Amino acid sequence: MLKKLILVASLISLSAPAFAATQCGPFNLKADKSGWFSVNGERAKTQKVTFAKEKGDYDNATVKLLVKNSKAPGMVDMEQTMRNGKGLLRAEIVRTSQSQIRIRGDYDCEPAK
């Protein structure tokens, strides 16, 4: 178990250059030196990286994040998919009850300026 955590941490730390700052609609995603993502300045609470083709190929990877909502109470569930260098971000506000309205959106990603 510890070996897997070390492997994942080292792979994520290698992802920082591959996932330099990215702008996806109103969300600015940026990886820090440890490999953890921040969205609009809020560090992700959880993150998971899945590779589509081979390990270490960050141009074909999916990153799942759970981030505190910086503009309202609650959390935002995000999934950034990179395919051949093009990115798409799916974001959904985490509901606290089934009676709440579902709010979600899809955004194209481009390198941040």
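Residues numbered from 1 in each chain as written. Predicted model: local features only at pLDDT ≥ 70, side-chain atom pairs only at ≥ 80, totals over all residues. Heavy atoms only, no water.

**A short note on the confidence of the model for the protein**
Of the residues in the protein, 82% have a pLDDT of 70 or more, and the chain-wide mean is 81. Note that pLDDT drops below 50 for residues 1-18; the model gives that stretch 18 contacts with residues more than four away or on any other chain. (pLDDT = per-residue confidence, 0-100. Contact = heavy atoms within 4.5 Å.)

**Focus on the state of the cysteines**
For the coordinates displayed, the defined rule picks out one disulfide. Across the disulfide, cysteine 24 is cross-linked to cysteine 109 (sulfur-sulfur distance 2.0 Å). Here the disulfide of cysteine 24 and cysteine 109 is right-handed, its torsion about the S-S bond being about 115°. Taken together, the residues cysteine 24 in strand E1 (residues 22-24) and cysteine 109 in strand E9 (residues 104-111) connect sequence positions 85 residues apart. (Disulfide = S-S within 2.5 Å. Helix = DSSP H or I, 4+ residues; strand = E, 2+ residues; numbered from the N terminus.)

**A look at the sheet that holds strand E4 (residues 42-43)**
The nine strands lie next to each other as E4-E3-E2-E1-E9-E8-E7-E6-E5, forming an open sheet whose pairing is antiparallel. Of all the strands in the sheet, just E4 and strand E5 (46-51) have a single pairing partner and so form its edges. Pairing of strand E3 (residues 37-39) with E4 involves two bridges; the strand directions are antiparallel. Residue pairing for E4: valine 39 is matched across the bridge by glutamate 42. (Pairing = 2+ DSSP bridges.)

**Side note on the nonpolar core**
Membership of the largest hydrophobic core comes to 15 residues, with the highest contact counts inside it found for Phe27, Leu29, Val39, Leu65, Val67, Met78 and Leu89. Taken together, the elements giving at least two residues each to this core come down to strand E2 (27-31), E3, strand E6 (61-68), strand E7 (75-83) and strand E8 (86-93). Residues within four places of leucine 89 in sequence aside, it is in contact with Cys24, Phe27, Leu29, Met78, Glu79, Gln80, Gly105, Asp106, Tyr107 and Cys109. (Core = buried A, V, L, I, M, F, W, Y, C linked by side-chain atoms within 4.5 Å. Buried < 20%, exposed > 50% of the residue type's maximum accessible area, 1.4 Å probe, protein only.)

**A few points about the pattern of salt bridges**
This structure, assessed with the given rule, holds three salt bridges. Of the charged contacts in the structure, one is a salt bridge between glutamate 79 and arginine 90, with a shortest N-O distance of 3.7 Å. Taken as a pair, glutamate 79 in strand E7 and arginine 90 in strand E8 lie far apart in primary sequence, eleven residues in all. Residue glutamate 79 is classed as partly exposed on the basis of its relative accessible area, which comes to 24%. Owing to a relative accessible area of 38%, arginine 90 belongs among the partly exposed residues under this scheme. The shortest N-O distance in the salt bridge between glutamate 92 and arginine 102 comes to 3.6 Å. Note that glutamate 92 is positioned in strand E8 and arginine 102 in the loop between E8 and E9, a separation of ten residues in sequence. Judged by its relative accessible area of 41%, arginine 102 is partly exposed. Beyond isolated ion pairs, a larger network of salt bridges with shared partners links Lys64, Glu79 and Arg90. (Salt bridge = Lys/Arg side-chain N within 4 Å of Asp/Glu carboxyl O.)

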